[in-house]
Amino acid sequence: LCQRREAYRDLVELRVEIANSVAFTAGSKIWNKKYREGVPGDEAVGLADDLFDQASAIIDELVLSAKEWQVKGGSASRWNTLVQNLAKRRQMPRIFKVIDAMDALGVVKDAETFERVARSSVAGVQPANVVDSFETMPPAHFPEVLFIGRSNV
């Protein structure tokens, strides 16, 4: 029984790695379509949706199997990589699905898990204008927020 349970744990880890590979492949497909072939961003993401769906299906199946086998979901590091691969393409619903799967399988989330989820929810920020005096500032239409300093986000 112990050997069987150990084999099931290994299988859970392997399936998380497969989901990681599929999500990474989807991200690469988007990048290639967008930057090498000039396909517009939204259209490129649509072309990879089938792969993201496949990664989600692997996770769904994994949750059911692990519950049936009565094993935990393994270490957080593999799951964090999956969150990161989904985060690169702003796949928020799928990221939340992974977090729910981690909860269901008793995976203990660590600081890296929360960091990757937080980073995935931040969209790119582009400065609208740079001014050097109050006279050259554009008129205020909306409340403004300015972050000064270094950031890796």
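See the structure shown above.
Residues numbered from 1 in each chain as written. Predicted model: local features only at pLDDT ≥ 70, side-chain atom pairs only at ≥ 80, totals over all residues. Heavy atoms only, no water.

## Points about the overall build of the protein
To keep it simple, the criterion reads: Counting from the N terminus, the helices are DSSP H or I runs at least four residues long and the strands are E runs at least two residues long. Relative accessible area decides the class of each residue, using a 1.4 Å probe on protein chains only: under 20% of the type maximum gives buried, over 50% gives exposed, and in between gives partly exposed. Throughout, a contact is declared for two residues whenever any of their heavy atoms are within 4.5 Å.
Check the secondary structure of the protein and you find 5 helices and 0 strands. Ordered by position in the sequence, the α and β elements of the protein form the string α-α-α-α-α. Residue burial in the protein is summarised as follows: out of 153 residues, 32% are buried. Sequence-distant contacts in the protein: of pairs separated by 6 or more residues, those separated by 24 or more amount to 72%.

## Observations regarding the pattern of salt bridges
In plain terms, the rule: A side-chain nitrogen of Lys or Arg and a carboxyl oxygen of Asp or Glu constitute a salt bridge if their distance falls within 4 Å.
All chains considered together, the criterion is met by 5 salt bridges. With its nearest N and O atoms 2.6 Å apart, the salt bridge here joins arginine 116 to glutamate 112. With arginine 116 and glutamate 112 both in helix H5 (residues 111–120) and 4 residues apart, this pair spans about one turn of that helix. A salt bridge links arginine 119 to glutamate 115; the shortest N-O distance between them is 2.6 Å. With arginine 119 and glutamate 115 both in helix H5 and 4 residues apart, this pair spans about one turn of that helix. Since its relative accessible area comes to 37%, glutamate 115 is described here as partly exposed.

## Re H5
The line we're drawing: Directions pointing from the helix axis toward each C-beta atom define the arc. Any pair of nitrogen or oxygen atoms within 3.5 Å is treated as a polar contact; in protein, a donor-acceptor pairing is required on top of that, and neighbouring residues in sequence qualify only through side-chain atoms on both sides.
Within the span of H5, buried status applies to Thr113, Arg116, Val117 and Ser120. Taken around the axis of H5, the buried residues stretch over an arc of 100 degrees, which confines them to a single face. Exposed residues lying more than 90 degrees from the buried face of H5 are Ala111 and Phe114. Residues of H5 that are buried sit in contact with helix H3 (76–87) and helix H4 (92–104). By the N-cap criterion, in which a side-chain oxygen at the helix start approaches the backbone nitrogen of a residue two or three places on, H5 is capped by aspartate 110, the distance to glutamate 112 being 3.2 Å.

Everything listed here is a matter of coordinates, which is why it stays silent on function.
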